[in-house]
Structures are given as C-alpha cells and as structure tokens.
Amino acid sequence: MGIALTLERAGFGYAGSPVIRELDLTVEAGEFLVIVGASGSGKSTLLRGLAGLLVPYEGKVLADGTPFDGPSAERAMVFQEDGLLPWRSVRRNVELPLKIRGEARSSRRARAEEWIERVGLAGFEDRLPRELSGGMRQRVQLARTLVAAPGAVLMDEPFGALDVQTRAEMQRLLREVLATTGATVVFVTHDVDEALLLADRIVVLSRTGPKIVSRPTRERILEEL
Amino acid sequence: MTGIRSLERPVAVAPVAEAAKGRVLSLRWVVRLLSLGLVAAAWQVLTTVDARIGVNFDRLPSPSEVVQEFAQQLATSVYYLDLAQSVIRIVTGFGLAALAGIGLGVLVARSQWAADLLLPPLEAVRPIPAIALVPIAILIFPGDEQGIVFITTAAAFFPIFVSTRHAVRALPTLWEDAVRTLGGKRRHVLWHVVLPGALPGIFGGLSVGMGVAWICVISAEMISGELGIGYRTWHAYTVVDYPAVLVGMASIGVLGWLTSAAVELLGRRLTRWLPRAEGSLRWASR
C-alpha cells in the first residue's frame, strides 16, 4: 500500500546554503507524482529530503501524517547512477533489503528471484553489476527497490543516462510493475515528455518556486519552467 | 531486451590463435629461466676465479657452495625451528597490526570524535621508523619475544591504518545512501558498504604492511633474537660462515615472497568484483 508524503513549509539545503525554501507539497497515497525542473532547480534535493537523506532546516516532512528525520525502507530511492553494490551479484543486490530486514535466506532468495524475473533478468542472477548494461543495471535497481514492498518509491532521474530505446522500455516496465504494487511514486526528471507519459500529477520546480500544472501539456510545462 | 545480447560470449577463439599464444608463453618462460641461469653462471665464474674487478668476488661464496650449505641446513632441525619462529612472529605481529590498523582506520574515517581523539598521538608516532622503537621495546617489554612482535606490529600498523582510512573516506556516498534508503542502519552500512567497498585500499595497505613487517622482524631478530632466520643469518655473519649467510638471505626472500603472495591472492579473491584492466589481465595470465 502506498503512503502519503507531505512537506509543510519545509526547507532543505547543504552547509548553510538553502536550495528549497518553505515548500508545501502533498503527495497522495498511491499517486504517481512527477517533479520537472531545470538543472539546479532543487529536484534532487527535494527528493533526498523526502527520502530522509536530508533533514529539513525549517518546517516538517511527514509520512502518513507522522514527521520523520531520517531514511527508512518505507521510502526507498532509485538513483540515476545505479547505486548497486558492485561486489554483490544481481541476486545478492536484490536480496539486500530483505537481508537488512532480517528475512530468512530461503524466503528472501525466492522473493528476489521472483522480482528478478519480473524485471526480465532471469538467467542473470549470478552476474556482477559491471557485467550488465546500463538499462539492465537500472532493472536490478528497480527490483531491489520494489522487492521489500516500500510504501513510497523516490526516483531521481533513473533513466537519465539511458539511450532512447532503453529508456522507453524502462518506462513501460516501470508502469507495468508499479501497477501491481500500489506504491506512491515521486519521480524526478528534466524530460517533459517522460513526465507527461508517466505522471498522475506534475509539479514544476521553477526559479520562482513549485507549481502544480493542472491539465498539463508540453507547452504549459515549458511555460512554467 | 537491450544489452542482453551484448553479454553473450563471442564465438570461441580460433584454436590456431590459442596454440600460437601457448607457444609464445612457453618461449617466454624459457627466456626467463635462461636469464636466471645466466646470472647464476656468471656468479659461479666470478667467485671461482676470485675476480676483483672493482667489486670483490674473492670472499663471496659460489652458488655451488650455497647450494651445498642449503642442503646441509635442510637436514638440521634448527633450520626449521628458525623458520617457524620467524613465521610465528610475522603472523602474530602482522595479524595484530591488521586488526588494529583496519579497525582504527575505519573508526577515524567514520567518526570525527574518534579522529580528534586518536589522530594526534598516532600522527606524532607515525614518522618514527619502527626499528627506532627497539630501545623502547627493550624498556617496556620483559622478554625479547614481545619486543620483536611489538616492533613488527608497529611497522605493519601504519601502512594498513593509513590505507584503510583513505579507502573508507574515498567511498562514494551513493552506496551508503542506497543502503540507508533500503532500511540499513549504521551497522548495515559498515558491514555491507564500508568494509567491502574499502577492501581494495585495505589490501594495498596489507601488502605494504607485510613487506615492512618482514624488514622489521628480521632487523629485530638480528638485534635481540635467540632464534629466527634473521638471528641465524646475523650469527652466521659473525662467525664468518658466508654460505650460511646467503642461505639465510635466500630463506628470508622465499618466506617474504610466500607471505606477500598469500596476501595478494586473498586480496584478488575478495575483490573479484573490481574491473580488471587489460594490463592486469595480462599479469593474471602469467
């Protein structure tokens, strides 16, 4: 089941320099929210704040109405650079969140293999990340994120480094697998077409602040950027 | 599926090319053995004719004398006792250094408090060569044995400690962030990210540490040992038994090579995930 995420006048930044200020935003449970913005607009900072990797210097961040100030398995993150542990095989990478949770070996192996198959990587369980292409590594990352059934999935330009064809395949796969989980998704991208394809709702992070684009079109989003 | 096809192995390398590669490899081994043989032959000639050509070979034992001495020593139990004693000292000293160096290296890299507390005294001691600690070892330890192990530990500790600290600090934050957003706590980050991620750097420090540990154990044995290959080599020199000195030197070389190779092999096994450059593959194929 998805969880609701809320920012209440939240501010995030690095070493005393604010990037996001006094931001109010609600992501409904089960919603697919896409955040679009130009480079340097604070998209990734916002996502790291929602993940709990950054603590707000002002305001609050809440998950299902409860404030939090650190990362949790309930809010799993998918990174642009794959974030896979290069010394662990595909199977052991996907098993990792279950191992951290303390799940028994046989059960976590079965679930990991089920997810590896769902992302189309059956037969590659024993490969190391460096033996896979960029698209395959992102599939592994997706499986590793979803295997522990998080309430929210935070995706930081996960397909940004992929070629056009692989990107389209990954977008299709993402919609397929997420449809079965019910997880809330916050997806960051600078690609307007990707946002239009995936989103239930689009928020544009512009220099003047965040704007929710109702009945979004390519032109309206570009206007707001 | 994009990328999967690219993983398929290429068509098997032609057997003809494989055979040619094998012949080149055999030829290279012949050249290497020939090179060793030539050096030994030159040594034999120079010592047999008592050459004095700016460098004096008249008192240096010939290879045949060294081989003869080596055969004699192999038949005595003292030789094996010396080897065993030196190996015990290395294993103990190096083992303690590895535990302390890796543990403290991780600690100071991950905790600012630990760094503030531990780095000043460690940095104050670091520039002192371990062998210069011999007088301290004699003062603070009741027996020679503890003193030698102390010197060995002190020598190996710093390369391991410094390499570990740098390796941990150089880890990309991405891996840690990934594990934390998968529910990982501090201990999970340590076990699943910090230790495996820093292993390549740690093994660099272990290799250097093993080298300096041998230098110091042999030096310490020469100064204050009663057993051990360093002590025996120095003893042979003092009684003008030069073939035995060379047997000692060769034995130290072989032991040093074996222990360094063990560290190297373990390191390679534990860091198989590292991409190997073409150059290192060539080395591995030898």
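Heads up: the structure comes first, above all this text.
Everything numeric in this text was worked out from a predicted model, so none of it was measured.

Engineer: Outline empty space enclosed by the protein, listing residues and values.
Structural biologist: Residues and elements named next belong to chain B. Evaluated as defined, the whole model comprises one cavity of 30 Å³ or more. Taken as a whole, the largest cavity encloses approximately 40 Å³ of empty space. Residue lining of the largest cavity: Gln-73, Tyr-79, Ile-229, Arg-232, Thr-233, Ala-244, Val-247, Gly-248 and Ser-251, and that is the complete set. Mapped onto the lining of the largest cavity, the elements with two or more residues apiece are helix H10 (229-238) and helix H11 (242-270). Among the elements that make up the lining of the largest cavity, the one with the highest residue count is H11 (four residues). For the lining of the largest cavity, the residue count by class is four nonpolar, four polar and one charged.

Engineer: Explain the packing of helix H4 (residues 77-110) of chain B against helix H9 (residues 186-224) of chain B residue by residue, including any values.
Structural biologist: All names here are of chain B. Relative orientation of the contacting elements H4 and H9 amounts to 140°, with a least axis distance of 8 Å. Comparing the axis directions of H4 and H9 gives the class oblique. For the pair H4 and H9, the sense of crossing is right-handed. Residues Ser-86, Arg-89, Ile-90, Phe-94, Ala-98, Ile-102, Val-106 and Arg-110 of H4 lie in contact with H9, whose contacting residues are Val-189, Leu-190, Val-194, Leu-195, Ile-202, Leu-206, Gly-209, Met-210, Ala-213, Trp-214, Val-217 and Glu-221. A breakdown of the residues in the contact of H4 with H9 according to their chemical character gives 15 nonpolar, two polar and three charged.

Engineer: Any details on the sheet that holds strand S4 (residues 58-63) of chain A? Residues and values, ideally.
Structural biologist: Residue and element names in this part refer to chain A. Pairing is antiparallel across the open sheet formed by four strands, whose spatial order is S2-S1-S4-S5. Of all the strands in the sheet, the pair left with one neighbour each is strand S2 (17-27) and strand S5 (66-67). Lying on the sheet, helix H1 (residues 43-51) is in contact with strand S1 (5-14), S2 and S4; it crosses S1 at an angle near 120°.

Engineer: Which residues make up the packing of aromatic side chains, and what values do they have?
Structural biologist: Residues and elements named next belong to chain B. Per the counting criterion, the structure on display carries eleven aromatic pairs over all chains. Considering the side-chain rings of Tyr-79 and Tyr-80, the 5.6 Å spacing of their centres and the 80° angle between planes classify their relative orientation as edge-to-face. Overall, the relative accessible area of 6% leaves Tyr-79 in the buried class. A residue is classified by how much of its surface remains accessible, and Tyr-80, at 42% relative accessible area, is partly exposed. Note on Trp-234 and Tyr-237: the rings are 5.3 Å apart at their centroids and 35° apart in plane angle, and the pair reads as tilted. Here Trp-234 and its partner Tyr-237 are both found in helix H10, three residues apart, which amounts to about one turn of the helix.

Engineer: So what's going on with the interface of chain B and chain A? Residues and values would help.
Structural biologist: At the junction of the two partners, chain B supplies 24 residues and chain A supplies 36 residues. Taking both sides of the interface into account, the surface hidden between chain B and chain A amounts to around 2600 Å²; carbon and sulfur atoms contribute 69%. Applying the counting criterion to the chain B and chain A interface returns one salt bridge. The salt bridge partner of A:Arg48 is B:Asp177, with a shortest N-O separation of 3.1 Å. Inspection of the region where chain B meets chain A yields six residue pairs in polar contact (both at pLDDT 80 or more).

Engineer: Mind laying out the pairing of strand S3 (residues 32-37) of chain A, listing which residues take part and the relevant values?
Structural biologist: All names here are of chain A. Among the six residues in S3, six count as buried, and that is most of the element. Judged by which residues are buried, S3 turns out to be covered on both faces: Phe-32, Val-34 and Val-36 on one side and Leu-33, Ile-35 and Gly-37 on the other are all buried. Pairing of S3 with strand S8 (residues 184-189), which is carried by five bridges, proceeds in the parallel orientation. By the bridge assignment, Val-36 is partnered in S8 with Thr-189. Across five bridges, the pairing between S3 and strand S9 (residues 201-206) is parallel. Note on S9: the bridge partner recorded for Gly-37 is Leu-205.

Engineer: Outline the side chain of A:Glu157, supporting the account with residue identities and numerical values.
Structural biologist: All names here are of chain A. With respect to the helices, strands and loops of the structure, Glu-157 is situated in the loop between strand S7 (152-156) and helix H5 (164-179). Polar side-chain contacts of Glu-157 include one of 2.6 Å to the side chain of His-190. Discounting residues that sit within four places of it in the chain, Glu-157 has contacts with Lys-43, Gln-80, Val-188, Thr-189 and His-190.

Engineer: Give a description of the layout of surface pockets that names residues and reports values.
Structural biologist: Of the volumes computed, that of the largest pocket is approximately 380 Å³. Looking at the largest pocket, it is lined by 15 residues, and the ones nearest its centre are A:Trp87, A:Arg92, B:Pro196, B:Leu199 and B:Leu270. Counting only elements with at least two residues in the lining of the largest pocket, the list comes to helix H2 (90-101) of chain A together with H9 and H11 of chain B. A per-element tally of the lining of the largest pocket places H9(B) first, with five residues. When the residues that make up the lining of the largest pocket are grouped by side-chain class, the tally is eight nonpolar, two polar and five charged. Computed from the structure, the second largest pocket encloses a volume of approximately 310 Å³. Lining the second largest pocket are 13 residues, and of these B:Arg110, B:Glu176, B:Lys185, B:Arg186 and B:Val189 lie nearest its centre. At four residues, H9(B) tops the list of elements feeding residues into the lining of the second largest pocket.

Procedures and definitions
- Residues numbered from 1 in each chain as written.
- Chains lettered and ligands numbered in written order.
- Predicted model: local features only at pLDDT ≥ 70, side-chain atom pairs only at ≥ 80, totals over all residues.
- Heavy atoms only, no water.
- 1 Å grid on protein atoms, 1.4 Å probe; cavity = no way out; pocket = protein on both sides within 12 Å on 5 of 7 lines; lining within 4 Å.
- Points joined across faces, edges and corners; volume = space filled by probe spheres on them.
- Helix = DSSP H or I, 4+ residues; strand = E, 2+ residues; numbered from the N terminus.
- Nonpolar A, V, L, I, M, F, W, Y, C, P; charged D, E, K, R; others polar.
- Axes fitted to C-alpha atoms, helices over the stretch in contact; angles between N-to-C directions.
- Parallel < 35°, antiparallel > 145°, perpendicular 65-115°, else oblique.
- Left-handed = near helix turned anticlockwise from the far one by under 90°.
- Contact = heavy atoms within 4.5 Å.
- Pairing = 2+ DSSP bridges.
- Phe/Tyr/Trp six-rings, centres within 6.5 Å; stacked < 30°, edge-to-face > 60°.
- Buried < 20%, exposed > 50% of the residue type's maximum accessible area, 1.4 Å probe, protein only.
- Buried area = accessible area lost by both parts, 1.4 Å probe.
- Salt bridge = Lys/Arg side-chain N within 4 Å of Asp/Glu carboxyl O.
- Polar contact = N/O pair within 3.5 Å; in protein donor to acceptor, adjacent residues only side chain to side chain.

Scope: geometric values only; no functional claims are made or implied.
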